[in-house]
Amino acid sequence: GGSKCNKVRLNKTPGGKLVMMYAKKKTGMTKCGDCKRDLRGVPAVRPTKLAGLSRRVKSVSRAYGGSKCSGINAEYGGACPTTLRATKSGSTKLQVASWL
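Residues numbered from 1 in each chain as written. Predicted model: local features only at pLDDT ≥ 70, side-chain atom pairs only at ≥ 80, totals over all residues. Heavy atoms only, no water.

What follows is about the environment of Y22. Within the secondary structure layout, Y22 lies in strand 2 (residues 18-22). Relative accessible area serves as the criterion here: at 54%, Y22 is assigned to the exposed category. Note: C-alpha distance between Y22 and N6 (16 residues apart in sequence) is 6.6 Å. Non-local contacts of Y22, meaning those with residues more than four positions away in its chain, are made with N6, K7 and V8. (Helix = DSSP H or I, 4+ residues; strand = E, 2+ residues; numbered from the N terminus. Buried < 20%, exposed > 50% of the residue type's maximum accessible area, 1.4 Å probe, protein only. Contact = heavy atoms within 4.5 Å.)

Right, dumping it as structure tokens:
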């Protein structure tokens, strides 16, 4: 019984009846928006449970914490999001986005 997505298993109740019990789906880790690596410090829970958690549990105390990984911040020196702009000399210059 059940669909392919919702796995079931037989479970015996205290009354002795056999009932089908739906197994919870395996959760995936929250990923970085840029490099798609797993985000450390953010719990791997289903979206409905994640919505009920407080903000301090869902993020880390860093710029873009809980959305981008620490590697992105280190790469851009904490000035993320950034834009690369070519200068007259031909070298690329890191420039912080104007709306920050």
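The subject of this paragraph is the pattern of salt bridges. One side chain can pair with another of opposite charge once the charged atoms of both are near each other. Within this structure, the stated rule accounts for two salt bridges. The salt bridge involving K31 is made with D38; its shortest N-O contact spans 2.6 Å. Here K31 falls in the partly exposed class, since its relative accessible area comes to 44%. By relative accessible area, which is 41% here, D38 ends up partly exposed. (Salt bridge = Lys/Arg side-chain N within 4 Å of Asp/Glu carboxyl O.)

Moving on: the environment of T27. By secondary structure assignment, the location of T27 is in the loop between strand 2 and helix 1 (47-52). The class of T27 is partly exposed, set by a relative accessible area of 25%. Setting aside chain neighbours within four positions, we find T27 in contact with A44, V45 and R46.

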